[in-house]
Amino acid sequence: MRMEVSRHGPLGCALFGVLLCPFASAAPSLSPQIPFDVTATQPISLSSLQGNFDELSWQTFIALNWPALDNGNPNTGITIGKQDGATVWESWKESYQIFRAKGQTPLPWDAPATLPEVCKQLKPGRLLQQMGKVPDMLDEFIQPFESGPLVDQNGAYTRNEIVVNQSMFNGIVDNGLYSIEGQQKFFAAKKTNTVAFSCGSNDTSQVGSVMVKASWKVLGANDRPQDFHTVDALVYTPGNSDPSHGPIVEESCASQSVGLVGLHIVHKTASAPQWVWSTFEHVNNVPEQSTPVAQRKGPYLFYNAASDSAINQPPPRPWNPAVKATPSQVVREVPLTGPTNTLNAKYQALLRTANPQSVWANYQLISTQWPTAAPPPNCQISAANPLGNPAPSFLANATLETYIQGTTPQASSSCMACHGNAATHVTESPRTSFADFTYLLERAQSTSGQGAKQ
Amino acid sequence: MSTDLDNFVGLSSALTGIPIERLAPQLDPVGLPPLFLDYVTPRITTDVLNPLLTQYATLAADHVPPDKIAQQVLVTTQPTPNSVLAARSIMKLWFLGVWYQPYDAGSYKKGDSAVVSDQAYIYSWAWKVAQAHPMGYSESFFGYWNEQPSSLEDLTGVPATASSSAQQGDRS
Amino acid sequence: MNIEQAEVVIVGAGLAGSIVAYQLAMAGVEVLVLESGPEIPVNRAQYLERFYTTTLKTPESPYPPVTSLDPPRDPAGQNAPRATIADLILGWDDPKVSYLVQKGPMPFTSTYERVGGGTTWHWVGTCLRMVPNDFRLRSLYNVGVDWPIGYDDLQSAYCRAEAEIGVSANVADQAYLGMTFPEGYAFPMRSIPLSLVDGSFVAAVTGQTFDGLPLVVSPTPAGRNSEPYAGRRVCAGNTNCTPICPIQAKYDATVTMNKALATGKVKVLYRTVATKLNVGLDGTIFGVEFKQYQLGDGPITGFGEALGQRYVIAAHAIETPKLLLNSATPAWPKGVANSSGQVGRNLADHPIYLAWGLMPEGKAIFPYRGPLSTAGIESLRDGAFRSERAAWRIEIGNEGWNWPANDPYKTVADFIDGTNANGVNPLKSDQDPKPPTEALYGTALVQKLNDIFVRQFRIAFLVEQVEDDPDNAKCYIVPSADFKDRLGIPRPEIHYELSKYTQKGFLEAKRLATHIIKDLLGAVELTTPLTPGTFTYGNEPMSFQGAGHLMGTYRMGSDPATSVVDKDQRSWDHKNLFLVGDGVFPSSGTSNPSLTIAALSFQAGDTVANDLKAVTLTVQANETWQGTGVQINGLVPRLVRYVSGLWCASPQGGNVDGNGGSRHIDYSSYALPGAAEGALIGRVGSGGKPFLVGDLAQVPGNQQGELQLCINDDLTGQHGAGLSDNTGALTIRVEFGAL
């Protein structure tokens, strides 16, 4: 990829794909179509574009969570929320199915997921949502850079998973990026080869690469399932024989009902070669730090007014998901903006038109991070301005970046700043190191069985 | 009719050489210009600031080129005795993110210095002028230091001189 | 009064303390760590925010206690103060502002941190090994002191340290001056790419020599990720290793301490300052007294004593001797562990000769990019000259004139204000008339600044500091009789100067610096002496900077009369006391000490673990595979060592030890066909592949199970009497350690 220089355009409007949306002031509709890119409304300003990207986030959220057919396509015969059920994104390929032991080639897109032995013995129970597909396997519980697990009010760790859409899957598989040796071969094959996932565009009516990270909490006796998008999941804990990674445990798998508490949606588009970063949370997750303590009306999923635990502190090591832990006490450090709250109310009302009890009306957009700098042509990154001046400067999901919330550059969560540090396993030069804003490529293992470093 | 903020940005641009649209892009998620104006106003006082802004506005309305405006302000026709000191502190603020109190003003003491904010440091211009980045803040990718940097013009909007062009980084 | 107990008490949660804690925890030992400073934070936001917003961006700037020039802080009002650059600026010899009570004649200019994770928060990350001759200064060059160990004794420990830290380097670049590596060894990650600044040095010095030695630019091995490693990010070239890496691409000891905590066997008490070691009548340590606080300048909130079976002091080279000497009692009037009188003696830094210059017009090298340093000139770290003058290594800096001249700040001010503090406005030249000092603005200002910045460079000579008389050191620390911190603990009083031997090294450094800068690079040199470390040698005014290295104050040796610890870092005076860190270095060589600290800490961890958990057992000659009860987890290296005894596998073989006899028998019924008859053989688990132990072997890695041992004989008796006619037994010890 040539690193095109960004000629800093005079005004952002000239280079944003401005579609004067004829229905800009009309109410949005529930649609299973994933937007190709942002639709910018005039006059352009920081706040108007933020609103445009936030609409993009909601439309994407709705389309991704649309009820799915067996083949993963949205079921256009029903409207989202009439009944809770398997979603379009839940049919996408999980990261553990792509970055396999010994760098094995992933199975084709339509192939069912291969489960660890210990999960295979479990009957999914009343699992009808995922006919023909296996349930979600949740195997991650430590937040980025080992900052710690998030513990719910029942003392259980939340669990995370990452999936990618077929376009991104193809980008990984076709270029052999799923193994260390494959990555080496890719970069050696041509001096200009660079990781560049597909880009969505209004011009071509193509959806670009999309990656999704979801956080789930195990539903306990006190949780009301009807408040959540719920799934019968296989909660998998890998075995560990290294005391310095935590307690020595055998691998285990439990069939549990889980509720969605957080959702990252990341979409690469022509307006955003640094990707568009949308994040949603369950409305009951946490209070805002700016809300006076006495006014924090609960009940919350990750905050208890009666607790005097330290705020936003991970539990002490060792971390053992099998052991009941002290619930985390979490607040949101950066509040939602007024316009975001207004937009959330609008979309929640819209979702309720399909079903007043729609589980999806229990979710809210936190914000959308997008690059304000004029994007270079061909969806590339400018060497002179790699992150493209993201707005807002910081963004965190209280369930996924719990312990790195804040506004300190580089230390506090900013989707693009952090993901800009993602690398491949072939760090010979900036061209080969660049992983196009995903850490997934670091999960590639070696075909020799040595695994990733340490 | 331009605002104080517009004139402050224009004046800053003329003094520092960094184009207006770099100091104050139309889409600006960081928003240093109003922050700097608020910070600077009590510290140099309106007695010094307003004549500076007025001088700038007048010269700009006459389409005087920025370098010549700066020359007027700093060399030829200082509007007030403290104007030059104030202007120089404003220049250093943009280049370094640090405010150097130029003279006593109210409770502010000459010689005091402070980093205005973490953003002021991270977006300070001296580092881009060096074709680099502030120490402690890099957006670039592994190994970039083994390759030529982006050109001065790409990073600041200011072209290098003829003699230093010979040494400019070439990214193509 | 709190009583805390553990099997091992460690004072200090820095590099050495964290490694020992981790190792002991992996060996199943319960550990208590006392750390004088605050907790490892959840994230580095507060530290980083402090760095971004301070005008005084010194190495200590992110870390508590916060330093400032205005108002200055009085160390008497702080509970866990430490040496800072702010102290040096405000008054290195004024105890009202300087934590170190400095008596001179020269200032000690290095600093350190007292926080969870220790000084590795702000080290540069350089991971050079010492060269073999560094360990033999006295024998080879008749200066300094020999180490009681050599490079080969540290080989496996260096490899373990490099794995734990995550060092990026290529063996081919590092095998100079006698340094060797195991067959087939590869560093954990590949070498970090050189910078453009490095490139200009490569072009200038390749093929050149100095005093008959070649000038070679080598990539610097670094504890900095060049690939995704251990869950940490790759380096993004923030050019800020010191004082803080924003993204933890650079290793710091919190990594190892977090691994130690994950085992569940380690407890850390923060804001807990060890004040005194108590010695029992039998000469062993029986407790560490401590005081606790909450606020750095607040009242004492607790006090107590920590009891253990073994004690490890890992508080770095000023605080450790301070603690030992502050523990003096009538029974131990010279302090704890100090019958040699050498505790606190031989305080050494790597005093740095800093030189800087400006490349000629048209020769941009683009500093302020990449890690702070990616290469150096290491080829002069050793040579015959060491009998006359101190050796040094040269660190090539990537950060322009930030260190010597506070750039970009000073040059920006010079060209805005029309001053010439930095010597580039104008640059000195022979022109007549001299070019004017300019006050610039607008486009011309940007272009001028750019022109200057892109041509800046600096180099640092890290000079080995050697006492002219190492048994009567001129540089030492003793507790101050007059000045205390807020907890009432006497502060360190420092006596410091550079010996003639060291100053001669500076002279040569100065000579080479000018030669490289002017003759080889064709650049203009701007080096001038900087306060407070100024001195004159002969007619040459010079100055030294601190490297942030403190070493030598409780040196190891083979003679208890002249050393504080033995080669295992065990106190000669108190058998249950270990002193770790670079205070044990009898000589410092020229390499940044951290990698050697880490390697020695791995060895100390083995020794302490063996004290408590080594298993001694008897292996019978007339039995087949015998279990040892020792579970191998494949993660920590284990040794099997013959201790004593003889056994006999056959009348022809006779009585032998673990090495067995001279007959090698290849029958498949033997424990290890082809090995010596009667040799000691081991395997991990009943299905494990047998391996030869002999008298000493490391258990092969990557296997889990119980260690079993056996004599190499016909186990099934299909070729004769088999085991039934065997006699004797061997005493064997299963230890922690690597070969």
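Scoring rules and cut-offs
- Residues numbered from 1 in each chain as written.
- Chains lettered and ligands numbered in written order.
- Predicted model: local features only at pLDDT ≥ 70, side-chain atom pairs only at ≥ 80, totals over all residues.
- Heavy atoms only, no water.
- Disulfide = S-S within 2.5 Å.
- Helix = DSSP H or I, 4+ residues; strand = E, 2+ residues; numbered from the N terminus.
- Buried < 20%, exposed > 50% of the residue type's maximum accessible area, 1.4 Å probe, protein only.
- Contact = heavy atoms within 4.5 Å.
- Buried area = accessible area lost by both parts, 1.4 Å probe.
- Salt bridge = Lys/Arg side-chain N within 4 Å of Asp/Glu carboxyl O.
- Polar contact = N/O pair within 3.5 Å; in protein donor to acceptor, adjacent residues only side chain to side chain.
- Nonpolar A, V, L, I, M, F, W, Y, C, P; charged D, E, K, R; others polar.
- Patch = residues over 30% accessible without salt bridge, like charges linked within 9 Å, V, L, I, M, F, W, Y side chains within 5 Å.
- Areas by Shrake-Rupley, 256 points an atom, 1.4 Å probe, with all protein chains shown as cover.
- Pairing = 2+ DSSP bridges.

A. Broad picture of the state of the cysteines. Residue and element names in this part refer to chain A. Inspection of the entire model under this criterion finds two disulfides over all chains. Covalent S-S linkage joins Cys199 and Cys379, the inter-sulfur distance amounting to 1.7 Å. A residue pair is termed long-range when its members are at least 10 positions apart, and Cys199 in the loop between α5 (180-189) and β4 (210-218) and Cys379 in the loop between β8 (363-371) and β9 (390-391) qualify at 180 residues. For chain A, the disulfide bridges join cysteines in the arrangement 1-3, 2-4, where the cysteines are counted in sequence order. Not part of a disulfide, Cys418 finds its nearest cysteine sulfur in Cys415, a span of 8.6 Å. The exposure class of Cys418 is buried, given its relative accessible area of 19%.

B. How the structure looks around the interface of chain B and chain C. Every contact between the two is made by 56 residues of chain B and, on the other side, 56 residues of chain C. Interface area for chain B against chain C, summed over the two sides, is near 4400 Å², with a carbon-plus-sulfur share of 63%. On the surface where chain B and chain C come into contact, there are one salt bridge. Of the charged contacts, one joins Lys92 of chain B and Asp417 of chain C as a salt bridge, the two residues approaching to 2.7 Å between their closest N and O atoms. There are 22 residue pairs in polar contact (both at pLDDT 80 or more) connecting chain B and chain C. Along the lines of polarity and charge, the residues of the side of chain B that touches chain C split into 31 nonpolar, 20 polar and five charged.

C. Expanded view of the environment of Glu251 of chain A. Residue and element names in this part refer to chain A. Relative to the helices and strands, Glu251 is located in the loop between β5 (230-237) and β6 (252-269). It is 42 Å that separates the C-alpha atoms of Glu251 and Glu55, two residues lying 196 residues apart in sequence. When near neighbours in sequence (up to four residues on either side) are disregarded, Glu251 contacts Pro116, Val118, Tyr236, Thr237, Pro238 and Gly239. A distance of 2.5 Å separates polar atoms of two side chains, one belonging to Glu251 and the other to Tyr236.

D. Representation of a nonpolar patch on the surface. Taken together, Met1, Ile3 and Phe303 of chain C make up a surface patch of nonpolar side chains, about 340 Å² in accessible area. Residue class for Ile3 of chain C comes out partly exposed when judged on its relative accessible area of 48%.

E. Spatial organisation of the pairing of strand β12 (residues 310-313) of chain C. All names here are of chain C. Here β12 shows a buried face lined by Arg310 and Val312 and a second buried face lined by Tyr311 and Ile313. Judged from the three bridges that link them, β12 and strand β22 (residues 577-579) form a sheet pairing that is parallel. Counterpart to Val312 in the pairing with β22 is Phe578.

F. Inspection of the pattern of salt bridges at higher detail. Residues and elements named next belong to chain C. Applying the stated rule across the entire model yields 38 salt bridges over all chains. In this structure, Glu395 engages Arg458 in a salt bridge whose closest nitrogen and oxygen atoms are separated by 2.7 Å. Placement of the pair is Glu395 in strand β15 (residues 392-397) and Arg458 in strand β16 (residues 456-463), with a sequence separation of 63 residues. Through salt bridges with shared partners, a single network forms among Asp134, Arg381, Asp382, Arg386 and Glu464.

Coordinates in, geometry out; function isn't part of it.
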